[in-house]
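# What the coordinates show
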Protein chains: 2
Amino acid sequence: MFRWGVLGTGRIAHKFIGAVQGGATEIVAIASRDRARAAELAQAAGVPRAYGSYEELLADPEVQGVYVALPNHLHAPWSIAAARAGKHVLCEKPLSLTRAEAEEMFGAARENGVWLMEAFMHRFHPQTLRVQQLLAEGAIGRPRQVQISFGFTLDRPGDTRWHPEMGGGALLDVGCYCVNFARMVAGEAPARVTATAQWSASGIDLLLAATLEYPSGMVAQIACDYITSFHQTALVAGDDGVLALERAFTMPPDRPSRIQLWRGVHFAPLEVIEIPPANHFRLEAEGFAALTAAGHAGHGLPEMPLVETLENMATIEALLRSAREGRAVEVGGA
Amino acid sequence: MFRWGVLGTGRIAHKFIGAVQGGATEIVAIASRDRARAAELAQAAGVPRAYGSYEELLADPEVQGVYVALPNHLHAPWSIAAARAGKHVLCEKPLSLTRAEAEEMFGAARENGVWLMEAFMHRFHPQTLRVQQLLAEGAIGRPRQVQISFGFTLDRPGDTRWHPEMGGGALLDVGCYCVNFARMVAGEAPARVTATAQWSASGIDLLLAATLEYPSGMVAQIACDYITSFHQTALVAGDDGVLALERAFTMPPDRPSRIQLWRGVHFAPLEVIEIPPANHFRLEAEGFAALTAAGHAGHGLPEMPLVETLENMATIEALLRSAREGRAVEVGGA
């Protein structure tokens, strides 16, 4: 059974541990800079070992793969350290703060013969896989125009996401889902982006709205923010149908989710595809673990390919530059 | 009973006539440049008189109000002519091609003591009125981020909407609904717009996607096009709730429409507000007719105020300029 070590004890670590324990992989160690916090979570979750430093966990020979659940600015250094310690790495989204960092991380994985993947759990959910299948089958023809929105109210004052130097801000936190989804639908990186943002006094983006133009002609509009009520929607209008998701990214594991589909050009009737409940964190952990037996380390999984992570990080950089400079910005190729 | 004359015999004229006949107002005359076409429609719809020119209809003393259902570039000249003939004017959307034209039209209405209104029928539909009521009640708090999309496939080769000189293009045709809706939600005109467009060989916009920034801080993203399957959606995310419409503009008169509402900030449950079927063309015609008895000619109706029409035309001009010049454009005040 594949043995995980978890770096970090925040909300996402809790979610991951809760989903993974009792499944086809196991969590053998948890690390926090606060040993008591690690011990508390380990005990509550039935995890054998708790460490008071990330280094100690990386030195644990039992650990095969590391789940990096740290604030964004620590993704690169600790993923690289984990790779160097010979651990496979599943790193929370966004993989890094820049494309250059992401390349460095994949380089470290390749050099050390380990797998590295950006943890976009929604990519392992049957709803997302069904959307991909529908698009591939041509259920809505060629996607031409996309609108995606992911917003919520960040009302926790002490949160690391308020700090630009820690990789805070709505785009890196939830906008990355919108960028990911648009790239997935397009099947390619955008050529050009135009963004506008509202900034906090601390310098993070509270709201960012952007238009992404793809070489195919597809146009995506994305919006992400920390100032509206929770919502996460996606609309994909093709030249032979339309597809909409009520809940695009954090599908609840305890009830079905729904794809709305209109097949055809003119006034098609609504078809609702109900997707049975699924825990995408568990599917992600088990999918990643299964792949580590294969030989092509460093390349990412089919569900979340390396090339998409690199292009998405380049897109995120371009979006922030566009918002800061008030002009359209070209996105560099892969 | 208020007596209408209809200029034009296109699809929208058919819809209007079908909705109005048998209600609290009546249609007494139809005009087309093709007398046979006018006669045919008049006979089919039980309308007493058919004219082979617009001038003849405007000279008909029985006609109290004119419904202008002509191609976009004819809205201004024939609305002005109708006002000068002493007729009240309900003119199809978009009222004109520019803000200057719209001002000229309202000037003519004022000088001649008649009412002029832009025919946005959805503004008279109970769904739209309920949305306005919910916003006024604070059901979703302060609107912060809006996404609206209206697209369909224009596959009729001879259509006037393919011609830029006739006021063709997706923005003037269906994007004006998105501009109208965003302005209604914001309660003010946008300060700045940034648009990108895809153009046809004939020079019309096949697709236009834009970000509209409002003085309040609200940001709206709108998309309109002639190249996707039929869809018209709106999402309004506030700081205390979220509201979404499945069908935002052309609500079917034969079945209920639905407002989706989530009240509150975090993970609110979905509330579905079902709106009984209604014919907004009839409501618009009768609302307009009822108002002509009042004394404040030239000012537009409460449902579709003059100031909004003027600001929306200024916004449309700014959007086209932004798309052509590839830069953000300020929208002039009212």
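Use the structure listed above.
This write-up is about the structure you can find in this document. Small disclaimer: the values here were computed from a predicted structure and weren't measured.

## Let's talk about the pairing of strand 9 (residues 205-213) of chain A
Residue and element names in this part refer to chain A. Summarising burial for strand 9: nine of the nine residues are buried, a large majority. Where strand 8 (residues 192-199) lies against strand 9, eight bridges are found, and the strand directions are antiparallel. Its bridge partner being in strand 9, R192 is matched across the sheet by E213. In sequence, strand 8 turns back onto strand 9 through a hairpin of five residues, with G203 there showing a positive phi of about 100°. Two elements, strand 9 and strand 10 (residues 219-225), share seven bridges in a ladder whose sense is antiparallel. Bridge pairing links L207 to D225 in strand 10. Between strand 9 and strand 10, which pair antiparallel one after the other, the connecting turn spans five residues, and G217 there sits at a positive phi close to 105°.

## A look at empty space enclosed by the protein
A full pass over the atoms with the stated rule returns two cavities of 30 Å³ or more. One number sums up the size of the largest cavity: a volume of about 40 Å³. Here the residues of the lining of the largest cavity sort into six nonpolar, three polar and no charged. Looking at side-chain class alone, the lining of the second largest cavity contains seven nonpolar, one polar and no charged residues.

## Things to note about the relation of the copies chain A and chain B
Each copy superposes on the other: chain A lies on chain B with an RMSD of 0.0 Å after a rotation of 180° and an axial shift of 0.0 Å. Here the two chains are linked by the operation of a two-fold rotation axis. When the interface residues of chain A are mapped onto chain B, 100% of them again lie at the interface, so the same face is used by both copies.

## Regarding the sheet that holds strand 3 (residues 49-51) of chain A
All names here are of chain A. Read from one edge of the open sheet, six strands run 3-2-1-4-5-6, paired in parallel fashion. Each edge of the sheet is formed by a strand with only one pairing partner; in this case those strands are strand 3 and strand 6 (116-119). Ignoring which end each strand starts from, the neighbouring axes of this sheet average 25° apart. Here strand 5 (residues 88-92) pairs with strand 6 via four bridges, running parallel. Counterpart to E92 in the pairing with strand 6 is A119.

## A few points about the pairing of strand 2 (residues 25-31) of chain A
Residue and element names in this part refer to chain A. With respect to burial, strand 2 is a largely interior element, six of its seven residues being buried. In this fold, the crossover linking strand 1 (residues 2-7) to strand 2 by way of helix 1 (residues 11-20) has right-handed handedness. Where strand 2 meets strand 3, three bridges bridge the pair, whose relative direction is parallel. Residue pairing across strands places A29 opposite R49, the latter belonging to strand 3. Taking the sense of rotation as the criterion, the β-α-β connection linking strand 2, helix 2 (residues 35-45) and strand 3 turns out right-handed.

## Things to note about the side chain of T9 of chain A
All names here are of chain A. In this fold, T9 is placed in the loop between strand 1 and helix 1. The exposure class assigned to T9 is buried, which follows from its relative accessible area of 8%. Polar contacts involving the side chain of T9 include one to the side chain of R37, which spans 3.4 Å.

## Re the packing of aromatic side chains
The tally for this structure, following the rule as stated, stands at 28 aromatic pairs over all chains. When the centroid spacing of 6.4 Å and the interplanar angle of 90° are considered together, the rings of F150 of chain A and F230 of chain A count as edge-to-face. Placement of F150 of chain A in strand 7 (residues 143-153) and of F230 of chain A in strand 11 (residues 227-238) is noted, with a sequence separation of 80 residues between them. An aromatic cluster is built from F120, F150, Y177, F181, F230 and F249 of chain A together with F267 of chain B, whose rings are joined through pairwise contacts.

## Digging into the sheet that holds strand 8 (residues 192-199) of chain B
Residue and element names in this part refer to chain B. Pairing is mixed in the open sheet, where nine strands are placed in the order 14-13-12-11-7-10-9-8-15. Looking at the sheet topology across the chains shown, the edges are occupied by strand 14 (270-275) and strand 15 (329-330). In the packing of helix 6 (residues 126-137) onto the sheet, the strands contacted are strand 7 (143-153), strand 12 (241-245), strand 13 (257-263) and strand 14, and the crossing angle to strand 13 comes to about 15°. In the packing of helix 9 (residues 306-325) onto the sheet, contacts are made with strand 8, strand 9 (205-213), strand 10 (219-225) and strand 15, and the angle to strand 8 comes to roughly 60°.

The rules we used
Residues numbered from 1 in each chain as written. Chains lettered and ligands numbered in written order. Predicted model: local features only at pLDDT ≥ 70, side-chain atom pairs only at ≥ 80, totals over all residues. Heavy atoms only, no water. Buried < 20%, exposed > 50% of the residue type's maximum accessible area, 1.4 Å probe, protein only. Helix = DSSP H or I, 4+ residues; strand = E, 2+ residues; numbered from the N terminus. Pairing = 2+ DSSP bridges. 1 Å grid on protein atoms, 1.4 Å probe; cavity = no way out; pocket = protein on both sides within 12 Å on 5 of 7 lines; lining within 4 Å. Points joined across faces, edges and corners; volume = space filled by probe spheres on them. Nonpolar A, V, L, I, M, F, W, Y, C, P; charged D, E, K, R; others polar. Least-squares fit on C-alpha atoms with pLDDT ≥ 70 in both. Contact = heavy atoms within 4.5 Å. Axes fitted to C-alpha atoms, helices over the stretch in contact; angles between N-to-C directions. Right-handed = clockwise from strand over helix to strand, strands pointing away. Polar contact = N/O pair within 3.5 Å; in protein donor to acceptor, adjacent residues only side chain to side chain. Phe/Tyr/Trp six-rings, centres within 6.5 Å; stacked < 30°, edge-to-face > 60°.

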